[in-house]
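Coordinates in review
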Amino acid sequence: MGKIALQLKATLENVTNLRPLGEDFRWYLKMKCGNCGEISEKWQYIRLMDSVALKGGRGSASMVQKCKLCARENSIEILRSTIQSYNAEDNEKFKTVVEFECRGLEPVDFQPQYRVKLLILFFGQGKNFRDFASWPG
């Protein structure tokens, strides 16, 4: 069992906070089998709200998947306590935003596709934060 951290580096312009929204936030990943090295062709997502039982009653994981090439059952778990926001003070710096506990599945690519919570400050316009709960639409 190993832990893998997802780090982001972004340029935030007039954006003060970037974070996943809710337990149904979809972390889109491409996975690599730790046994044979096969990499998934399609984007797959995992969510905090998903829990799949492991064989033999050994607990659960966010995703359990059988490798198409070697047929090994692998799993990955989102570590809830590691989820963090990417803030304005993190601008242009790498920051760990989530960690995964990997049991045979290794994330090799990430693509933000789903809802991201953005808090935007309009400078010089006398406005406070606007909350975009679902962006992009």
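As shown above, the structure is provided for reference.
The following paragraphs examine the structure supplied in this document. Here the structure is a predicted model, which is why all the values come from computation and not from measurement.

Examining the overall build of the protein
When you go through the protein residue by residue, the secondary structure sums to 0 helices and 13 strands. Starting at the N terminus and walking to the C terminus, you meet the elements of the protein as β-β-β-β-β-β-β-β-β-β-β-β-β. Out of the 137 residues belonging to the protein, those deemed buried represent 34%. Long-range contacts, defined here as pairs at least 24 residues apart, represent 57% of the contacts in the protein between residues at least 6 apart.

Focus on the side chain of Ser40
Inspection of the secondary structure assignment puts Ser40 in the loop between strand E3 (27-33) and strand E4 (44-46). By relative accessible area, which is 17% here, Ser40 ends up buried. A polar side-chain atom of Ser40 sits 3.4 Å from the main-chain carbonyl oxygen of Lys42. If we skip the residues at most four places from it in the chain, Ser40 touches Lys30 and Met31.

Regarding unusual backbone geometry
Backbone geometry places Asn14, a non-glycine residue, at a positive phi of 60°. As for its position among the elements, Asn14 is in the loop between strand E1 (2-8) and strand E2 (15-20). Asn14 gets classed as partly exposed once you look at its relative accessible area, which sits at 39%. Notably, Glu92 is not glycine yet its phi reads approximately 65°, a positive angle. Its place among the elements puts Glu92 in the loop between strand E9 (86-87) and strand E10 (95-103).

Quick word on the layout of surface pockets
Reported here for the largest pocket is a volume of approximately 320 Å³. If you trace the largest pocket, you find 15 residues lining it, with Ser40, Glu41, Gln44, Gln65 and Lys68 closest to the centre. Elements represented by at least two residues in the lining of the largest pocket include exactly E3 and strand E7 (63-66). Of the residues assigned to the lining of the largest pocket, the class counts are 5 nonpolar, 4 polar and 6 charged.

The rules behind each value
- Residues numbered from 1 in each chain as written.
- Predicted model: local features only at pLDDT ≥ 70, side-chain atom pairs only at ≥ 80, totals over all residues.
- Heavy atoms only, no water.
- Helix = DSSP H or I, 4+ residues; strand = E, 2+ residues; numbered from the N terminus.
- Buried < 20%, exposed > 50% of the residue type's maximum accessible area, 1.4 Å probe, protein only.
- Contact = heavy atoms within 4.5 Å.
- Polar contact = N/O pair within 3.5 Å; in protein donor to acceptor, adjacent residues only side chain to side chain.
- 1 Å grid on protein atoms, 1.4 Å probe; cavity = no way out; pocket = protein on both sides within 12 Å on 5 of 7 lines; lining within 4 Å.
- Points joined across faces, edges and corners; volume = space filled by probe spheres on them.
- Nonpolar A, V, L, I, M, F, W, Y, C, P; charged D, E, K, R; others polar.

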